[in-house]
Amino acid sequence: MPGSLDGQSIRLEVICGNNLQVPSERIPAAIYVSINVASRRHWKSAIKVLSSDKSVVWGDTVTLSLHESPGLSVEIRASFELHRMLGNGEVIGKLEMSWDELLDHGEEPFELSFPSVCSDHFLTLKAAVLHPCDNQDGASDSIVDCDLARDTDTGHAQFAQYVTSKTLILDQCPVDHPDRASALTNLAWARLKGYIEEDFQDIDTITSLFRDALALRPQGHPDHTISLYRLAEALNWRYRKEGTIVYIHESTQLYCKLLPLCPEGSYLHSIAAGANGVGYVINGCNDLPTDGSGEDIHLRRIMLELCPLGHQHRPGALNNLSTTLRSRFKQCGSIDDLDVCIKFSREAVSLCSEGHSEHDEYLDQLAASLRSRFNHQRRSRDLDEAICLYEEALRMCPVGHESRDSRLSALGGALRARFMQRGDVDDINKAISLRREALTLSPPGHPNHDETLHNLAVALKIRYGELDVSEDLNEAIDLYRESLRSIRLDHPERHRYLCNLSSALSSRFTKTQKNEDIEEAIRLCQESLEALPSLHQSRFSSYSYLNEAYLSRYRMQRKSADLSLAIENLRLASRHPTRGLPDRIWEASHWARQAEIYQHVSALEAYQICLEMFDNHVMTRSSIISRREAATAFRGAQSLAVDAASCAIRRNNLPQAVELMEQGRGQQWSLASRLRTPLEDLESTSPKLARKLSELNKSLSDAQGSVTLTDRAAAGAAATQYRRLTERWGAAVAEIRNLKGFSRFLLPPSYEDMQAAACQGPVIILIASQYSCSAIVVPTSGEPHHVPFPSVTLTDLKNLKDRFVRAIRNASTMGPKQPRNDLIVLLRAVWDEIMPPIVNVLQQSLKLTSHSRIWLCPTAAFTSIPLHAAHPFRTNADRSKEPCLEDLYICSYTPTLSALVRSRQMMKKRVAPSFVTIGQGQPGAGKGKALLAVDSELELVRKLVPATANCTTISGDTATRAGALEALQQNTRVHLACHGKQDPTQPYDSHFVMKDKPLTLLDIMEKDMPHAEFAFLSACHTAVGDEETPDEVIHLAAGLQFSGFKSVVGTLWEVDDAVAKHVVKAFYENMFEDLEGGVMDCTKAAWALNRATQTVKTEVPLEQRMVFIHIGA
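Keep in mind it's a predicted model, so treat the numbers as computed, not measured. (Residues numbered from 1 in each chain as written. Predicted model: local features only at pLDDT ≥ 70, side-chain atom pairs only at ≥ 80, totals over all residues. Heavy atoms only, no water.)

1. A few points about the overall build of the protein
Where we set the bar: The helix count covers DSSP runs of H or I at least four residues long, the strand count covers runs of E at least two residues long, and both are numbered beginning at the N terminus. In this scheme, a residue with accessible area under 20% of its type's maximum is buried, one over 50% is exposed, and one in between is partly exposed, where area comes from a 1.4 Å probe on protein chains only. Throughout, a contact is declared for two residues whenever any of their heavy atoms are within 4.5 Å. Only the protein chains shown count as cover for residues, and all accessible areas are computed by the Shrake-Rupley method using a 1.4 Å probe.
If you tally the helices and strands in the protein, you get 43 helices and 23 strands. Counting over 1113 residues, the protein shows a buried share of 56%. Taking the intrachain contacts of the protein between residues at least 6 apart in sequence as the baseline, contacts between residues at least 24 apart amount to 70%. With an accessible surface of roughly 46,600 Å², the protein has 50% of that area assigned to carbon and sulfur atoms.

Rendered as structure tokens:
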């Protein structure tokens, strides 16, 4: 201890403070230390923000003169402003001490403890004695004393005087006073304290005061963040007491603004992000009902912003936003809402381990969203995943779990949906069993009782439709009625209950013919429509069930008004904009069928709407394979085009029949070709739009791919991205159609457009419909000609097709010289039943000369019949042989008229000719038998090809998948000899067998070969489509034509390579005969094939001559 301290000074360092709490519990803006040496002199440290651990670090130093006072007073104070303090703040702790007590600690840091009503506070100090020469006098500040500061400090110190004193202070701070914001805040906080303790009721004034203070402290002001917090705190208290939703909405928005502005680690940030801040608003918002409104979704998005990655409430915020988006989807039908909903649900599930208390709920929400997307788009993978998730959620809810009833019912609903898609009775039986168990867990009075009754009724009604058990229907009606009695009149799902009971009553009416059932059914549907806004998704169901009711009554009572009302409701359902396309397509096809059955004039309208929607639906699929899956998912879809054309024929509108036929056939090729449409004309009119569409075409081509993603989330994201690209593509096309001269850009071609296909000879479209079978002859000019086949039915053609399959199979086991009597009988039947009226039109009406070219465009069952080989096999009276079709004309095939038009347009682009022969006779183990004649066939072709054609050969080990694909791209003419495999279940996997890997149809389709001209496919099954979608004409020859080859020779069934070389030799001898300028003309291919098959009659059996057909120009 030093001796005398007279004339000396102490340097005091204020290092830090810990465990600092404000007695009034008001959140401080900052903390500072005040040291008083004399009554009129004191020193203040810097104002520092309190940390989340209630500590502050200063490191400030002050020099104090010892002669002014026998001791000093140290205070820790809370400031409620960062910028400009009004008063000195609230005292947190105060300590009086002498100089000796201060210097007892030496020059090492030491702690001072400040007793407090809250807890002990600690201040770490360090002191040192200075000699007189070191005295830095003037380091302390004079107290600025004024009434405003004194009154403020009094208010801080004495809460009993708080409101009175703060009101007085505010009166002293007019609008332009620099301390007005502080005065407003202090008065508002005082009154809020009174409101919390129910001593003050005027909450409107309180929030207004906080709002006025915030307005005076805009973003960028040092006290902006604390003002945001104080207003949010007031709104929370108001919501807590009044429960008015608008206050927690606003509070949530304020927290969303506040948190990014609060420094991490600050006390304000920890309080705002804690249980009484963000935690409170999240819990409050979680308790709010979701209505799917824009305001509701905005609130949930803000909540998600408040919960960044790692936040404990993020899974719940994701789940709530997902629920709200699905609610809006139900109302408005926007698939974007559902895609985002599924994305958020997946994240919520991924953030929760299986032991998490909400894991089963998040699984259920994701499953429900996937099932909604399945209902909207009919993607099987969505339903399969939903069932797996429902099963997992149910496993997490054992007997006794409070949510087990909901999980049972949800799984039952998904199994019911799968039954409706795939028809497995086990699914619907299990669904009913699960829902019966759910009902036992939801007795009367249970919140889910009415929904569980309804769900069980739905499953029973569906099983009745499959098994026709009256007990199921009657029980379903009883359950529907009970559920309706249980549900509130204002329940948002009441319309579903009404519609489903209506459907059950309509079904019972068809059995009992009790008028009261059908009258009630109609009334219930009308009531459901009255309860729904015009764009609500569920209006579709109401229209559909109302149609069912009117149609049921029409069938019994035959009142034309009922039929008109039924059709009108089908029309409304088909056109309902917020319903998914699959449902609307099904409804439109149902409309067409009913209109056909009852001879209603709207049938053609129904077909047109259905084909247009079908095209739009298929185009949104992100891969070639998924587009085919979408096309085959609809019952009756394969006959849609031919039935539409038949309808137009029966309405005496042949041009429209051709247009509908073209629109509905070969959709896979039409959709793919849109992305390869030449844009030269558009480029000259609008270069910007041409560039935009070209870029979108490339993006779509790159995105569609053929690989199936196994990761469900990735697959979903890819599908969403592709759909959005198609929407942008559609918008660009719509913009182009507004240009002069482009109004029909990429629209289905008109009859006049398609007549260009017949510029070198008539095209004969053979239509096989359940309603009629006939042909339309499209001439080079003028109106089309109708050729009816009154004695031929679709069943006859299917039988004929099956008989051909058997006859060809039998012929393959016979010796080359044995007569093919079965084939002869069948070819004669084709001639007698189909060809005479066609030939008559060609000869008499069109005056077509002998050996002219004709093109056959078969549909449906006609595609599997060798029409080109139709033959009377009869002798005339003069012993001359009656000519067959190929004696009269040079026959070619075309998948569609548009394909033929495209081929001719592409022929304008000529390049230097090149010829490649590709052969693979030794494919390897498991890939087929060795083809011993392949190498000799390639050598034969090479010798016959003119030297000017630059012929090269790929065979043996070099005939790989990559090598063959490269050769196809680099040469204008190709001869390919190998095994060909048609895949009956997945035609895009049809392929040519190469040395290493198969060269698939998909491989070929994904390549653009604009300079290719001619291909001879000396391989099996290269020109036969699949059974499921014959009108899509998906085969290897069509794939080559699509990729650029204008003229292709393909095969309808298995080729015998030992005799095929005779046809090949005769073909190329005719093909290269009399070459003009030494250049091969691919348009001679049909004539050369016709001459070749005539030439080899004595060497090649009938079925091996018939097997080769020409496709294209």
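2. Thoughts on helix α13 (residues 359–377)
Structural remark: α-helix, 3.6 residues per turn; residues separated by three or four positions point the same way. Basically, it comes down to this: Every helix has an expected span of 1.5 Å times one less than the residues it contains.
The end-to-end C-alpha separation of α13 is 27 Å, in line with the 27 Å expected for 19 residues at 1.5 Å each. Most of α13 sits out of view: 17 of its 19 residues are buried. Residue Arg378 follows α13 closely and has a positive phi angle near 60°.

3. A few points about the pattern of salt bridges
Basically, it comes down to this: Basic side-chain nitrogens of Lys or Arg form a salt bridge, by our definition, when they fall within 4 Å of a carboxyl oxygen of Asp or Glu.
Counted under the stated rule, the structure contains 43 salt bridges. Two residues, Glu605 and Arg575, come together in a salt bridge whose shortest N-O distance is 3.5 Å. Taken together, the residues Glu605 in helix α24 (residues 603–619) and Arg575 in the loop between α22 (560–574) and α23 (581–597) connect sequence positions 30 residues apart. Judged by relative accessible area, which is 23%, Glu605 ranks as partly exposed. Its relative accessible area of 46% is what places Arg575 among the partly exposed residues. When salt bridges that share partners are traced, they join Glu568, Arg571, Arg575 and Glu605 into one network.

4. Section: helix α12 (residues 335–350)
The terminal C-alpha atoms of α12, which comprises 16 residues, lie 23 Å apart, in line with the 22 Å expected from a rise of 1.5 Å per residue. If you check which residues of α12 are buried, you get Ile335, Asp337, Leu338, Asp339, Cys341, Ile342, Phe344, Ser345, Arg346, Ala348 and Val349.

5. Looking at the pairing of strand β2 (residues 30–38)
Operational definition: Only when DSSP finds a minimum of two bridges between them are two strands counted as paired.
Counting buried residues along β2, eight of its nine residues qualify, which places the element largely inside the surrounding structure. As paired strands, β2 and strand β5 (residues 71–79) are joined by seven bridges and run antiparallel to one another. Bridged to Val33 within β5 is Ile76.

6. A few points about the nonpolar core
Convention followed: Residues enter a nonpolar core if they are buried and are Ala, Val, Leu, Ile, Met, Phe, Trp, Tyr or Cys, with the set joined through side-chain atoms within 4.5 Å.
Formed by 313 residues in total, the largest nonpolar core has its most connected members in Ile35, Val763, Leu766, Phe789, Ile838, Phe992 and Phe1067. When residues in this core are grouped by element, the largest group, eleven residues, is from helix α34 (residues 821–845). Contact partners of Val763, with chain neighbours within four places excluded, come to Ala757, Ala758, Ile776, Val777, Val778, Trp855, Cys857, Thr894, Leu897 and Leu900.

7. Quick look at the side chain of Asn1090
How we decide: As used in this structure description, the phrase polar contact means that two N or O atoms lie within 3.5 Å; if the pair is within protein, one of them must be able to donate a hydrogen and the other to accept it, and residues adjacent in sequence are counted only when both atoms belong to side chains.
Mapped onto the fold, Asn1090 is located in helix α42 (residues 1085–1095). Residue class for Asn1090 comes out buried when judged on its relative accessible area of 4%. From its side chain, Asn1090 meets the backbone oxygen of Glu886 in a polar contact 3.0 Å long. If sequence neighbours within four positions are ignored, Asn1090 has contacts with Glu886, Tyr889 and Ile890.

8. A look at empty space enclosed by the protein
Let me state the cut-off plainly: Detection works on a 1 Å grid of protein atoms alone, calling trapped sets that fit a 1.4 Å probe cavities and calling open sets with protein on both sides within 12 Å along at least five of seven lines pockets, with lining residues defined by an atom within 4 Å of a point. Grid points are joined across faces, edges and corners, and a volume is the space filled by probe spheres set on the points. Nonpolar residues are Ala, Val, Leu, Ile, Met, Phe, Trp, Tyr, Cys and Pro. Charged residues are Asp, Glu, Lys and Arg, and all others, Gly as well, are polar.
Tallied over the entire structure, the rule returns six cavities of 30 Å³ or more. By volume, the second largest cavity amounts to about 80 Å³. If you go around the second largest cavity, the residues you meet are His868, Glu886, Cys891, Tyr893, Ala1086, Leu1089, Asn1090, Thr1093, Arg1105, Phe1108, Ile1109 and His1110. For the lining of the second largest cavity, the residue count by class is six nonpolar, four polar and two charged.

9. Here's the deal with the packing of helix α9 (residues 278–286) against helix α10 (residues 294–305)
To keep things clear, this is the line we draw: Fitted lines through C-alpha atoms serve as axes, helices being fitted only where they are in contact, and the angles separating the N-to-C directions of these axes extend from 0 to 180 degrees. Helix crossings get a hand from a simple test, with the near helix turned counterclockwise from the far one by less than a right angle marking a left-handed crossing and a clockwise turn marking a right-handed one.
Viewed as axis vectors pointing N to C, α9 and α10 meet at an angle of 145°, and their least axial separation amounts to 11 Å. The two elements α9 and α10 cross, and the hand of that crossing is left-handed. Contact residues: Ile282, Cys285 and Asn286 in α9; Leu299, Arg300 and Met303 in α10. Each residue belonging to the contact of α9 with α10 can be placed in one class, and the counts come to four nonpolar, one polar and one charged.

10. So, the packing of aromatic side chains
Which entries qualify depends on this criterion: Only Phe, Tyr and Trp rings are paired, with Trp represented by its six-membered ring, and only when their centres lie within 6.5 Å; those with planes under 30 degrees apart are stacked, over 60 edge-to-face, the remainder tilted. A positively charged side chain is recorded as over a ring if its NZ (Lys) or CZ (Arg) lies within 6 Å of the ring centre. The angle to the ring normal must also be within 35 degrees.
Under the definition given, this model contains nine aromatic pairs. Pairing Phe915 with Tyr1068 gives two aromatic rings, centres 6.1 Å apart and planes at 70°, and the pair type is edge-to-face. Of this pair, Phe915 sits in strand β15 (residues 915–919) while Tyr1068 sits in helix α41 (residues 1057–1071), placing them 153 residues apart in sequence. Ring centres 5.0 Å apart and planes at 80° place the aromatic pair Phe1067 and Tyr1068 in the edge-to-face group. Ring pairing ties together the aromatic residues Phe915, Phe1014, Phe1016, Phe1067, Tyr1068, Phe1072 and Phe1108, which thus form one cluster. Residue placement shows Arg593 over the ring face of Trp586; its charged tip is 5.7 Å from the ring centre. Positioned above the aromatic ring of Trp855, the side-chain terminus of Arg904 is 4.8 Å from the ring centre.

11. Some points on unusual backbone geometry
The phi angle at Asn652 is positive, at roughly 60°, despite the residue not being glycine. Relative to the helices and strands, Asn652 is located in the loop between α26 (640–650) and α27 (654–664). If you check the backbone angles, Ala860 has positive phi at about 45° while not being a glycine. Accessibility expressed as a relative area gives 13% for Ala860, which makes it buried.

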